[in-house]
Amino acid sequence: STGQSHFIDMYNANNVYAAGNRITNCTFTLTINTTASQGDVHVLGMFRTHSNVFFNNTFNVTVNSCYGYFFPVEMYRSYYNSFQSNRFNLAMNATPGGTHAIWGYRDSSSYNRFVANTVTTTGPGMMSLGLSQAGSFVSTTNHTYLGGNVFKLNAVPVTGGIYWQNGSRSDTLEFNT
């Protein structure tokens, strides 16, 4: 198929937005194998979400091929979401063909929190923590908090392990390793 694939889809349908949900103590295991006709791949795609909590979950993702963009988490116009004590295990057997980042946010996404998560990548495929992404509304993301996270990145692209594609505005990073 073409377009975007969301394995956990928190996009709005009929102007109903995902807000106030708690996703806790779950394990999600999936394998990515896409072809040249495939668009973006999001493990968790979030659009116009508000105040959702992701706590103590495990995301086991194997990427064998991904022609387009790849984001385990990407947020569009999403606010006050919390990711705490989750484990992101990424077996990167290939580097995605398009933009690829572990946690990406764009289009005015603000006040989201990532606390005490562990991110581990293995394999030759490159991944980074790309924070503010290019989007429809550039330079509008702000006040993201990353604290106490552990990053174990095996293969990092030339952009670096952590980068902001569209600049940083009042973001806080502290106590991460």
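For the structure, check the block above.
The notes below deal with the structure included here.

Procedures and definitions
Residues numbered from 1 in each chain as written. Predicted model: local features only at pLDDT ≥ 70, side-chain atom pairs only at ≥ 80, totals over all residues. Heavy atoms only, no water. Buried < 20%, exposed > 50% of the residue type's maximum accessible area, 1.4 Å probe, protein only. Helix = DSSP H or I, 4+ residues; strand = E, 2+ residues; numbered from the N terminus. Pairing = 2+ DSSP bridges. Core = buried A, V, L, I, M, F, W, Y, C linked by side-chain atoms within 4.5 Å. Contact = heavy atoms within 4.5 Å.

### Quick word on the pairing of strand S12 (residues 118-122)
Then, in step 1: Side chains Val-119 and Thr-121 project from S12 onto a buried face, and the interleaved Thr-118, Thr-120 and Thr-122 project onto a face without burial.
Then, in step 2: Strand direction decides the pairing type here: strand S9 (residues 87-92) and S12, joined by 5 bridges, are parallel. Pairing of Leu-90 across the sheet is with Thr-121, part of S12.
Then, in step 3: Alignment of S12 against strand S15 (residues 150-152), held across 3 bridges, turns out to be parallel. If you follow Thr-118 over to S15, its bridge partner there is Val-150.

### Re unusual backbone geometry
Then, in step 1: One non-glycine residue, Arg-48, lies in the positive phi region at around 55°.
Then, in step 2: Within the fold, Arg-48 resides in the loop between strand S4 (41-47) and strand S5 (53-55).
Then, in step 3: In this structure Arg-48 comes out as partly exposed when scored by relative accessible area, which is 30%.
Then, in step 4: One non-glycine residue, Tyr-111, adopts positive backbone phi at about 60°.
Then, in step 5: Following the sequence through the fold, Tyr-111 ends up in the loop between strand S10 (103-106) and strand S11 (113-115).
Then, in step 6: Classification of Tyr-111 by relative accessible area gives partly exposed; the value is 34%.

### With respect to the nonpolar core
Then, in step 1: Counting 32 residues, the largest nonpolar core has Phe-70 and Trp-103 as its most contacted members.
Then, in step 2: Elements with a contribution of two residues or more to this core: strand S1 (5-10), strand S3 (27-33), S4, strand S6 (58-65), strand S7 (70-76), S9 and S10.
Then, in step 3: Take this core: its biggest share by element is 4 residues, from S4.
Then, in step 4: When sequence neighbours within four positions are dropped, the list of residues in contact with Phe-70 reads Ile-32, Val-41, Val-43, Val-61, Val-63, Met-92, Pro-96, Thr-99, His-100, Ala-101 and Met-127.

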